[in-house]
Every structure is written in C-alpha cells, then in structure tokens.
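# Observations on the model geometry
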Amino acid sequence: MPTRYSITLILLFMILALSRGFVLQQYFHELSPFGVLHASAEGDGGGGAGGGGDGGGGAGGGGDGGGGPSAPAPVIGCMDPSATNYNPAATSQTGVTCTYTPVPTPTCILTTNPSSITAGGSSFLSWGFSSGVTSFSIDNGIGAKTVPGFISVSPVTTTTYGGSAAGPGGTAVCSATVTVTPAPPAPVYGCMDSTATNYNSAATSQTGATCTYPPAPVYGCMDSTATNYNSAATSQTGVTCTYPPAPVYGCMDSTATNYNSAATSQTGVTCTYPPAPPAPVYGCMDSTATNYNSAATSQTGVTCTYPPAPVIGCMDSTATNYNPAATSQTGVTCTYPTPSPGAPTCTLSASPTSVTAGSSTSLSWTTTNGGTFSIDQNVGAVTPAIGGSVNSHAINAVTTFTGTVVSPTGQTVNCATTVTIAPTGGGAGGPPPTYGGGGGGGGALPPPTITLAALPHVASQRLAYLYLSQIPYTGLDLGPVGTTLYWLALISWALALAYLVLFGAAPAANRSLRAFGQRVAASLNARELAPVPAVAREPHIVVTEVQSAPAPEAPRSYSSYDGFKSFARGGALSIDDIVKGLSRHHHATAKHNVEPVRENVEPVFENVEPVYEHVEAIAADSEATPASVRGFIAALVEGDRAAVFAGLRQHVRGNGSPEKLITDIVCLLDDAYRARIDGTASDSGISRLTARLSTPVLEQLITALTIAIDSSYSVGVTGAKLALTRALSILGA
C-alpha cells in the first residue's frame, strides 16, 4: 500500500479515537490503586467499600442502596483561600470557623556605630524593619529605603536620626543619635619673641612664622660740624668726631654731664659728673630663652640658649597618622580608620516544631550585622534580613532548616532548627445511609493517600461498578469485535508514529547535528591571522608570496583593541574566553611544523596607507543590541535592584540562558570601556548609559560580572544572581 494511503488510514483511526475515546483518558486519570471507581451501567443499585492504612484496617459493605444515584459525601472545611485553615477540597463550610493570620504590627530599628564622633568624623547608620512594612524612610535628608542596610553619615553637630515604618498593621518609629564633640580651636600662628619687631602676644604657635628684629646700629660721628660726620650713623659709641683747627672749648669727657662733643679744647673748662651708676647685672634678657634672667640689665658677653624646635605630628597612638617622635600636636589633625560593623549572628526557630505529614510550619529568624539571609529546603532568600517569619513548604519527613546570614563584608554564619512529624491514625466511614453504607479502618504513620472520584452519568441507568480487572475499557459499546478493531487501530497508529520518528525525524536530526559539528570544528580549526603593523617606509617594493603548508593555529593572545573578543573563536564568546581576558595570559600550545623565525628582517609592504593617530572611535550600530539587553544594562547602571532581578527572572522564564545574558552584558560594557581607553568602536547607546560611571568603576563592574559567572554552580541562575549582586554592591545600590 502506498505511503500516502497508509497515512490517510492512520489519520482516520486517530480521528475516531479522539472523537469517542476521550472517556478512556478521564477514566485512567481518576482511577486509584486503593479505591473503586463508579461507572455508568445497569446494576442492582448499592454497595460500598473502604480501606485502611499501614498497620491495620477494616472494611464493611452495605446492602441495597435504595435504587437511586449515589451522592458524594460533602467535604467539610474552610472555603476561604485567604484563611490559614483553607481546604481546597471543601464543598461545605457548615460548622467550620475560618481562622486568619493576624496582621503583625510593623517594627523598625536604627543604630549608630560609633555613637560619638569628633567634628569632621563619620559614623555608620544601620537600619532594619520587620516583614509587612510597605514603606520606610529616615529623616535628615536620607529618605526612603526599601531594604535593610547602612550608610556612613558625618553630621557637624549632635544629630538624632528618626525612622518611620508603615504597613497594614500600623506605623512604627525608631531613632538613633550621633553625638558630635567640637574640634579643638585652631592655633594662632605668629612670632612669640617679645624682642622682635613683629611680636604677637596672642600667638599660640610659631610654626611657619619668622621673627624680625631692628637693624644693627651704624657707628659714626653724628656731629654735623665735625669733619668726620656720618649722616647714616645711628650710634656714636666709640667714635671720635674731628673738627677744624679752631678750638672749641668745652668738656671733652663723654662721661661727664657737661660733655661737649664738639669741643676740641678743655682749657678752662671743668667737667662735672653724675653719681656713679650701679654695677651692671649680666644675663640673658630674652624671656623665651631657657637661661632667661629677669634681673639682668646687660646681655654683654652672654649667649642665650633656647629649647629644641618642636616636632609637629599626631600624638594619638590609635590614629592612622600617629608620629611617635612628635612633641607637639599644634596644627595637626589626627585621622582614624573608619569603623566596620561586627561579625554577623543569626537565630532560626520553627513554630510548631512537630507537625502532621503534609503540613507546614512558620520559620522565624533574627540577625545582626547581616546584609542578606537565606533558608535552605527550597525557602531561599528572605527579607528583611534583620528579622521576620515565613511559612515553609509541606513537610512529609523530619526536616532540618538551616539559615545562612552574610554580612556586607562577606562573613557567613549559619543557624538551624529541626521540625519532626507527629504520629497520626484514624478511620473512614461510609456514605450517607440513604444511598448505601460502608465502613472504615485505622492507620499508622504515615497514612496512605486514597482518592475516590465519581464520573457523571452517561445514561439514565442506575450505577453499577467498574473494577480494575475490567480494564481496558474504551467507553464505547462496540462489542467484542468493535473493541478489538478499536485497539488494533490505536496500536497501528502508535507503530506508524514510531516508524516516522525512527526513520524520518531521527535521521534528519542526526544529519543536522553532524553538519553543525562540522561547522563548529571548521571554525575552531580556522587559523587566526596575527595583526601586522603598517610600515610606511620604502614603498613600491613587491613582496613575493610564499606558498607553504598550513601552520597550526597560533595561540590566542590578548588585544587591548578587541578586549574580551580577542579570545573568541568564530565570533562566539564563551565564559572561558572572558576569564582568559581577565587573566590576560594563555598557555602556549604545542607548535609543529613551524618555520624558523628569522631576526632583523624588516617587513616591506607595497602601497601602504599612512597611519593616523588620535582617530576618534566609530560608534557601532546600536540597532544590533536587543532592546531587552539595553534596558537590563540601564537598570543595572542606575542601581535598580528590583528591575535587575525582575529582568533576570523574565529572561529565565523565557527559556533564556542566564550565562548568555551576563556574557552579552559584559561584552557590551567591555566595548564601552575599550572605547574610553583605546578609542575602539562601541555601541553608542551603551556608551551613553555608562557615561555617568568613572572609568575605574566601570572596570570594577565588568570584573565583578565576569568572575562570578563560571561553571561551579549547578544552577546557572545562581551564578547570575551572584554576579548581579556583586555589580550592584560596587555601584552602591
């Protein structure tokens, strides 16, 4: 039979099976290995059965059910999905009271470390708030915060910071104070020597000041009538004036009270003298000297001595600029290391600690000095990290929950709690007596899961029973021959489908995979051409091309022009290529059949164009970059944590690879970085987005994204989250 006729016949059987055989699928779905299924057929109208769990059981049977259809027993339970005791299988809420989780009152906390600083210093302000808080803000210009954290503050005066947390349960306030101690008064610089002309009585430090003194006296004759008169003289001590020959009579003794400096003759003149003066007291008359003598009247022959010049420096041994040789701290400001938060701590508890199988428990935690907090057993990261509670998944065995707190400095601490399973037992009853009776049995730990379901009527007859021994059942009244043909048609359709898969789709897929592998091998084995520097000397000389056997692939090396892309093969860039780009080195591969290198050979090229320096970077076509990747980079650069992780989740839900997403982002950021450093081409849109980042910060961002994506994580999205978390921390978000 031709193939097209076979396919036509198979399609006809498929249409027949799909049009009438859908009942079979529903029957198989609702059957349970522990229960009995009701089906539509003629019968005597009554019966029931029940089963027990492990370790004991019972069964009972009923008689005639009264001849009417059997109604399912109502399932009593809370039907409100928002209640804590919500039962999704409940069909009646009669006599049941729904319970609800009370809305917790929000709490918040503010702390400062240290709480007291000197003017100009800084302190860490840390905050946190409980779950259920919808908004939290801090006054004094800090503003709204969405996650717990800390910042450095530097108030100039004693300041109290107030926080306000609001949520469905009300509002809460908290505060913390930073006490500011005034800095010591600034020194007054000036000359402290009272004998100097620029003496400053208010000066407290002479650092950098130079004292000036009156000029030394000029000795000479100060008598303008003398022949040796000196108009510039300021002192005549020890100087004798000379006069013309005509005598000038007078006392010529300069120590006399009637001394006449102009006298040339003392004839007939009597000199008079004052009473003898007291004997001089010799000593240092400089009050700043160590040998100062307050009673001295003459400094002749005396040398004043002074204390050594002070060594200016910080004298506090706890300061970073401490100088052990310093003797004075005048004019020096001591600097101190910025305090860091202490080691993190955490506690984890469960309520209740013993539950029935399939139930959940409430996990509560508290932390200090933590940045993030996560719980294993499929709970994951929780917020706020400082404290809160969350419901676990269904627990079917003894389970230990372990919490992990990670501080902003990378310190990790674990805490744990264990939840056990409480023993259970019970029995089952029959349906209402109006429609038939049944019995129940006991159970042990754990109870079996038994599902009984009823199908709708397909005819007006009373229900009989369909047992597992009667399967297969088509749902069609075809008789023995029709049922046999029906199953033969289904088997033929399955065999035809298997033939098409094995001899049609599988060979085609195999050929496609082989062709793809050959293309990849050809790309990997293609020889990379090393860039040859342009030489503009000695033009018009022809270089003869030498034909030789193909050389093995040269090891790839780092190019500052291409960045990470210099390690890519065939245009495809992998995580390993990026890691090589960071390390900027490669292992030399074995070289075979390589021609010897000849030194001192200058390459000559014909018609070489001149090399231009300071060429401005050509912007790459931004249309080649997907809008989703550009939007992801914009959110990352802006430090929008919510948008970044929402974009990652959306990418993964769309069956996208998180490693591929981070690789594309790193390559675009690296192009923007290379455009700044080397003037290479880059996406103009990405260059505008990263313009607000400094070059060192952009380099740190690329490094953080690159080193966190590797093959050490069993789930790729884990590495992507770590990479984005590190990148956001570098940006201060």
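Here the structure is shown first, and the text comes after it.
Residues numbered from 1 in each chain as written. Predicted model: local features only at pLDDT ≥ 70, side-chain atom pairs only at ≥ 80, totals over all residues. Heavy atoms only, no water.

## Observations concerning the sheet that holds strand β5 (residues 135–138)
Taken in spatial order, the 5 strands line up as β3-β9-β8-β5-β6 in an open sheet, and their pairing is mixed. Of all strands in the sheet, those with a lone pairing partner are β3 (116–118) and β6 (143–144), marking the two edges. Note that strand β8 (residues 159–167) and strand β9 (residues 170–181) share 9 bridges and pair antiparallel. Within the sheet, the bridge partner assigned to Gly167 lies in β9 and is Gly170. (Pairing = 2+ DSSP bridges. Helix = DSSP H or I, 4+ residues; strand = E, 2+ residues; numbered from the N terminus.)

## Topic: the sheet that holds strand β12 (residues 362–368)
Strand order in this open sheet of 3 strands is β10-β12-β15, and the pairing throughout is antiparallel. For this open sheet the edge positions go to β10 (345–351) and β15 (387–391), each flanked by a neighbour on one side alone. Each strand axis lies, on average, 20° off the axis of its neighbour in the sheet, ignoring direction. Direction of pairing for β12 relative to β15: antiparallel, over a ladder of 5 bridges. Residue pairing in the sheet places Trp365 in a bridge with Gly388 of β15. (Axes fitted to C-alpha atoms, helices over the stretch in contact; angles between N-to-C directions.)

## Focus: unusual backbone geometry
Geometrically, the link from Asn113 to Pro114 is a cis peptide bond, its omega value of -5° lying close to zero. Checked against the element boundaries, Pro114 lands in the loop between β2 (108–113) and β3. Each neighbour pair has its own omega, and for Thr383 with Pro384 the value is -5°, a cis peptide bond. By secondary structure assignment, the location of Pro384 is in the loop between β14 (380–382) and β15. Residues other than glycine seldom take positive phi values, yet Gln377 does so here, at roughly 60°.

## Topic: helix α7 (residues 658–678)
Owing to its 3.6 residues per turn, the α-helix aligns residues three or four sequence positions apart on the same side. Under the 1.5 Å per step criterion, the end-to-end length of α7 is 30 Å for 21 residues, consistent within 8% with the ideal 30 Å. Burial analysis of α7 places 15 of its 21 residues in the buried class, which makes it a mostly covered element. Just downstream of α7 lies Gly679, where phi reads positive at about 75°. (Expected span 1.5 Å × (residues − 1). Buried < 20%, exposed > 50% of the residue type's maximum accessible area, 1.4 Å probe, protein only.)

## Looking at the packing of helix α5 (residues 627–638) against α7
It is at 10 Å that the axes of α5 and α7 come closest, and there the two elements cross at 75°. Our classification of the angle between α5 and α7 gives roughly perpendicular. Listed contacts from α7 to Val629, Phe632, Ile633 and Leu636 of α5 are Leu661, Ile665, Leu668 and Leu669. (Parallel < 35°, antiparallel > 145°, perpendicular 65-115°, else oblique. Contact = heavy atoms within 4.5 Å.)

## Remarks on the environment of Thr366
Here Thr366 lies in strand β12. Overall, the relative accessible area of 44% leaves Thr366 in the partly exposed class. Excluding residues that lie within four positions of it along the chain, Thr366 makes contacts with Thr345, Cys346, Thr347, Ile386 and Gly387. In this structure the side chain of Thr366 is engaged in a polar contact, spanning 2.4 Å, whose partner is the side chain of Thr347. (Polar contact = N/O pair within 3.5 Å; in protein donor to acceptor, adjacent residues only side chain to side chain.)

## Topic: the pairing of strand β4 (residues 123–129)
Counting buried residues in β4 gives 6 out of 7 residues, a clear majority hidden from the surface. Of the strand pairs in this sheet, β2 and β4 are connected by 6 bridges, and their pairing is antiparallel. In the sheet register, Cys108 faces β4, and the bridge partner there is Phe129. Two elements, β4 and strand β7 (residues 149–153), share 5 bridges in a ladder whose sense is antiparallel.

## Quick look at the pattern of salt bridges
Summed over the entire model, instances satisfying the criterion amount to 4 salt bridges. Among the ionic pairs, Asp664 bridges to Lys660, the shortest N-O distance being 2.8 Å. With Asp664 and Lys660 both in helix α7 and 4 residues apart, this pair spans about one turn of that helix. Two residues, Asp670 and Arg674, come together in a salt bridge whose shortest N-O distance is 3.7 Å. Placement of both Asp670 and Arg674 in helix α7 is noted, with a separation of 4 residues, approximately one turn of the helix. Residues Asp670 and Arg674 agree in their burial class; the two are buried. Because the salt bridges share partners, they merge into one network encompassing Asp670, Arg674 and Asp678. (Salt bridge = Lys/Arg side-chain N within 4 Å of Asp/Glu carboxyl O.)

## Considerations on the packing of α7 against helix α9 (residues 695–707)
Interhelical geometry of α7 versus α9 gives an angle of 155° and a closest axis separation of 10 Å. One way to sum up the angle between α7 and α9 is to call them roughly antiparallel. Regarding α7 and α9, the two cross each other, and that crossing is left-handed. Contact with α7, carried on its side by Ile662, Ile665, Val666, Leu669, Asp670, Ala672, Tyr673, Arg676 and Ile677, involves Thr695, Leu698, Glu699, Leu701, Ile702, Leu705 and Thr706 of α9 and no other residues of that element. Its residues assigned to classes, the contact of α7 with α9 comprises 11 nonpolar, 2 polar and 3 charged. (Left-handed = near helix turned anticlockwise from the far one by under 90°. Nonpolar A, V, L, I, M, F, W, Y, C, P; charged D, E, K, R; others polar.)

## Focus on the packing of aromatic side chains
Applying the stated rule across the entire model yields 5 aromatic pairs. With a centroid separation of 5.8 Å and an interplanar angle of 15°, the aromatic rings of Trp365 and Phe373 are classed as stacked. A residue is classified by how much of its surface remains accessible, and Trp365, at 3% relative accessible area, is buried. Ring geometry for Tyr499 versus Phe503: centroids 4.9 Å apart, planes at 40°, classification tilted. One end of the pair is Tyr499 and the other is Phe503, both in helix α3 (residues 479–525) and 4 residues apart, which spans about a single turn. (Phe/Tyr/Trp six-rings, centres within 6.5 Å; stacked < 30°, edge-to-face > 60°.)

Without other data, these values stay purely geometric and don't point to any function.
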